[in-house]
Amino acid sequence: MADTRVSFSPALRLLQLSPGHTPAPAPAPPSSSPTAFSCPSSPSSASSSSSSSSRYSESCSDCPTRRQRRRRPAPRPQPAHDERPSSLSASPRSSSPGGSSASLSSDVPDPAPAPSTPTEKELQVIDTEVALKACQEVLLKVQTQQQDGAIQEEDEERRTDVCDLSPASDRSSWLLRLFQSKLFDASMAVAYLFKSKEPGVQAYIGNRLFGFPPSDVDFYLPQLLSMYVHMDGEVGDAIRPYLVHRCSGSIVFSLLCAWLLGAYSSDMHISAQRHSRGARLRKLILSDQLRPPAATTAAPASPCSSPGASPSPRGHQRSATTCSGLGGALRRTESNPKVEVQEPERLRPQRELVKSLLVIGRRLASLPGKEQKTQRLISELSLLNHKLPARVWLPTSDFQHHVVRIPHTQAAVLNSKDKAPYIIYVEVLECENFETSPVPIRIPETRIHSARSADNLDCNADTTACAGATGGSLSGVHNYDNDDDAWATDDIGQLQVEVQTSSSDNLSQFSLDSLTSVESREMFVAAGDIRRRLSENLAQTPTSFRKDPEDPSAVALKEPWEDKVRRIQETSPYGHLSGWHLLPVIVKCGDDLRQELLAYQVLTQLQAIWRQERVPLWIKPYKILVMSSDSGMIEPVLNAVSLHQVRKQSQLSLLKFFLQEHGSFTTEQFLKAQRNFVQSCAGYSLVCYLLQVKDRHNGNILLDSEGHIIHIDFGFILSSSPRNLGFETSAFKLTDDFVEVMGGLNGDMFVYYKMLMLQGMIAARKHMDKVLHMVEIMQQGSHLACFQGSGTIRGLKERFHMSLTEEQLQLLVERMVDGSVRSITTKLYDSFQYMVNGIM
């Protein structure tokens, strides 16, 4: 019965005997017998047929015996045209002597009584309920036997498949389960996209990129574009749909891809670079063909009012050329390169701003001294500042904004022997969408200064009304070119708001309230406020650096960031507007920042690993924006100066400078700064060991206002070193000054430092693959100095020491710390930098 198939029509209501199974004529019984009914039976054995017949006879006693029915089967006639048969058929796979095929027709029978001797054309009606019940029992038995047989067949097939199963198919099934799990993130997707050689797997992962958050994929954008440029066509075909989709929806992503594609394509031969896949995509992006189909052109800036404010009839409306951005105006300045004539208007302003800033850096490098470079920088930025505001933005920022002004007098040239990197501070106004939001209206600085210099300001005006005049959104601000006193009212309100809000601390305010109140009331002072005041009084006021012509950036970097923002905002014509922000950026020309970008990715990955494993190590990754193979922008580290500047300006050791800045050994501020120093020193010691960071002089190590140290300038990592000498042989830089701040070799904080290093190494090697794959992908087709030799990746993997136990790893950390403290090459390299470059 395992091979018998039975199908039942659900619309079966009346059952009748099929003419094909009408038995041969037999002697008529004494009375008219019921119609014979044929049910399917098992052809496998006679016993099963006999038992089935007996059970059927019990349920349907009026039917004739099966021996009489199966005596002489007749051929099945063709149904008539007006008949609508609904059959229940049994078609066994293998024939047997007793096998038969049954069919039930559901035509309406003749109500006349059946003759005693039935013929092929005469159909006799049986009891519907009895027949249906009998057929259901038989069908249930057949289905049960079919299921049992199918299970046996599946077991046999499974045993056969297990014997013949290849490792590739098993691996594919497990990979599919991994790709569909919640553990599959962007890091694993990029790694499997690089490792897999199967086009189907690569295409699947390319589709999975659409399901990840854009910020997660943007972090691995250098790896994706490097694979797109240097790897085979299957990988590029898997990545291209995602890149095109993101470029069509974001102008920021489009320019970022164009810059990175140009930088990574520079490693190719010039003949192959022009017709490469990356060059074609970059040309497609810069031609502005990848844009939303229903993209709306931004309206020119106009004095649109904010909700609740009416526009002024005296508002000045800027021209479309000025509102669209820098455009052709920047090309008329002296510091601009040649640009393409057919460059799209949507991309032109931002590209012109970036080109202007980079050209300024290249021109500064040709000047001899720091003073000449600083003066030239201020004059160049002053010319550029006349073309702002415009529809441009700072690429290192994370929020939507428009650049409105660059305070040119606050810019400074940084320390560099051959290059001229410089830092600028950019004023921006936050907006909803920089592509569609109106560009802010230009406010002449002369109007503001003349209004603020007035002596007869009415300080008794209504403070609330004046505050409302200065508040509001950007669109409510207008430029009254024909009204000399247009800004005086706003300045009065701003000054009065400042006077109103520039009260003293809470304790003094409580005293003022108690003196002016009609009824006397008690004054309560929290214990936390008293402790805070005592700690502030014990701590020394942070010192300021003196102006140094050879190091003009020292004063700018030492000033607290909050004080700098407040000072620039007070003197800015846009400072009173809502959404005003000050953003710093370092422009660097002549250096390949692709290694810096790779170091930033590794530091960010290690930072996330240590946070996940709850290891209190501290590092500060700063953003890197690669714009070409020799230029880019860097996010500055705020409230931080180099150890060289600390030594040169204070003429003190590192410990004495800590005491000067944070108070004595017992103050809470000093203890907190010491703990920050230890946690950051341990974190960067591991970073320098894993990445083999070289060129660690005191000009490349910063100290912030909270006591952290920050390593910068990762131009020599992995397989590269200054002049390829490999002079720095220690695992990391750990000088006597560092140990002294930690309390000495026997101090508790120094023991804490070694414990943090051990915990950080244990946590890092648990996630070694995340770091290893990130670096390995960037090696593909790259000519960077950090990938010289064939053992770069192997050496990086060995430095994780996966084969060591935790006890052996602890001994390794002890040896590395002891060797770094006693390293002679570290002292010699610092002496070399002092003699050659004057770095203390």
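Conventions adopted
Residues numbered from 1 in each chain as written. Predicted model: local features only at pLDDT ≥ 70, side-chain atom pairs only at ≥ 80, totals over all residues. Heavy atoms only, no water. Helix = DSSP H or I, 4+ residues; strand = E, 2+ residues; numbered from the N terminus. Buried < 20%, exposed > 50% of the residue type's maximum accessible area, 1.4 Å probe, protein only. Contact = heavy atoms within 4.5 Å. Areas by Shrake-Rupley, 256 points an atom, 1.4 Å probe, with all protein chains shown as cover. Phe/Tyr/Trp six-rings, centres within 6.5 Å; stacked < 30°, edge-to-face > 60°. Lys NZ or Arg CZ within 6 Å of the ring centre and 35° of its normal. pLDDT = per-residue confidence, 0-100. Core = buried A, V, L, I, M, F, W, Y, C linked by side-chain atoms within 4.5 Å. Pairing = 2+ DSSP bridges. Salt bridge = Lys/Arg side-chain N within 4 Å of Asp/Glu carboxyl O. Polar contact = N/O pair within 3.5 Å; in protein donor to acceptor, adjacent residues only side chain to side chain. Expected span 1.5 Å × (residues − 1). Axes fitted to C-alpha atoms, helices over the stretch in contact; angles between N-to-C directions.

*Asks:* Explain the overall build of the protein chain residue by residue, including any values.
*Replies:* Helix and strand content of the protein chain: 33 helices and 11 strands. Taking all 840 residues of the protein chain together, 47% fall into the buried category. Summarising the internal contacts of the protein chain: among those between residues at least 6 apart in sequence, 76% fall at separations of at least 24. Only carbon and sulfur atoms are counted for the fraction: they give 53% of the accessible area of the protein chain, which is about 42,900 Å².

*Asks:* Let's hear about the packing of aromatic side chains: which residues, and what values?
*Replies:* Any pair of aromatic rings gets described here by the distance separating the centres and the angle formed by the planes. Across all of its chains, the model carries 15 aromatic pairs by this definition. Here the aromatic rings of Y829 and F832 are separated by 6.3 Å at their centres, their planes lie at 35°, and the arrangement is tilted. You can see Y829 and its partner F832 sitting in helix α33 (residues 824-837), three residues apart, about one turn around the helix. Judged by its relative accessible area of 40%, F832 is partly exposed. Taken together, the aromatic side chains of F179, F184, Y192, Y204 and F212 make up a single cluster linked through ring pairs. The cationic tip of R246 hangs over the ring face of F253; the distance from NZ or CZ to the ring centre is 4.2 Å. Lying across the ring of F714, R696 places its NZ or CZ 5.8 Å from the centre.

*Asks:* Explain the confidence of the model for the protein chain to me, using residue names and the numbers behind them.
*Replies:* Residues at a pLDDT of 70 or more form 63% of the protein chain, whose mean pLDDT is 73. Here residues 160-166 scores under 50 on pLDDT; set against residues more than four positions off or in separate chains, the count is one contact. Within the model, the stretch residues 295-325 combines pLDDT values under 50 with 51 contacts to residues more than four positions away or in other chains.

*Asks:* Residue-level account of the nonpolar core, with values.
*Replies:* Soluble globular proteins: nonpolar side chains tend toward being buried together. Core analysis: the biggest nonpolar cluster contains 177 residues, and M227, L606, W610, F732, L734 and Y753 have the highest contact counts within it. Here this core takes 13 residues from helix α27 (residues 668-691), the largest share from any one element. Beyond its immediate sequence surroundings of up to four residues, Y753 is in contact with V678, C681, A682, S685, F732, L734, M742 and V817.

*Asks:* Which residues make up the pairing of strand β10 (residues 701-704), and what are the values?
*Replies:* On β10, burial covers both faces: I701 and L703 on one face and L702 and D704 on the other are all buried. As paired strands, strand β9 (residues 640-642) and β10 are joined by three bridges and run antiparallel to one another. The residue of β10 that forms the bridge with S642 is L702. Between β10 and strand β11 (residues 709-711), which follow one another and run antiparallel, lie four residues, and G707 among them has a positive phi close to 100°.

*Asks:* Which residues make up the pattern of salt bridges, and what are the values?
*Replies:* When the charged atoms of two side chains lie near each other, side chains of opposite charge can form a pair. By the definition in use, this model includes 22 salt bridges. For R594, the salt bridge identified is with D267, shortest N-O distance 3.0 Å. Linking R594 in helix α24 (residues 594-612) with D267 in the loop between α10 (251-265) and α11 (270-274), this pair joins segments that are 327 residues apart in sequence. For the pair shown, R594 and D267 are each scored as buried. Across the pair R362 and D630 runs a salt bridge, and its minimum N-O distance is 3.8 Å.

*Asks:* Account for the environment of E435, naming residues and giving values.
*Replies:* With respect to the element layout, E435 can be found in the loop between β5 (422-430) and α17 (445-452). With 185 residues separating them in the primary sequence, E435 and S250 have C-alpha atoms 9.7 Å apart. Engagement of the side chain of E435 in a polar contact is seen with the side chain of R346, the distance being 2.9 Å.

*Asks:* Got a sec to walk through unusual backbone geometry? Specific residues and values, please.
*Replies:* Going from L388 to P389, the amide bond is cis rather than trans, its omega being 0°. A positive phi angle is found at D695, which is not glycine, with a value near 60°.

*Asks:* Describe in detail α10, supporting the description with residues and values.
*Replies:* The first and last C-alpha atoms of α10 sit 21 Å apart over 15 residues, in line with the 21 Å expected at 1.5 Å per residue. Of all 15 residues that make up α10, 12 are buried, and the element is covered over most of its length. What α10 keeps buried is the set I251, F253, S254, L255, C257, A258, W259, L260, L261, A263, Y264 and S265. Where α10 starts, the residue carrying a side-chain oxygen 3.4 Å from the main-chain nitrogen of V252 turns out to be S250.

*Asks:* So what about the sheet that holds β10? Which residues, and what values?
*Replies:* One open sheet holds the three strands; their spatial order is β9-β10-β11, and the pairing between them is antiparallel. Edge positions in the sheet fall to β9 and β11, since each has one partner strand and no second. For this sheet the average axis-to-axis angle between neighbouring strands, irrespective of direction, equals 35°.

*Asks:* Explain the environment of N385 to me, and be specific about the residues and the numbers.
*Replies:* Mapped onto the elements, N385 comes out in helix α16 (residues 370-385). By relative accessible area, which is 8% here, N385 ends up buried. Apart from residues no more than four positions distant in its own chain, N385 is found in contact with R405, I406, H408, R442 and E445.

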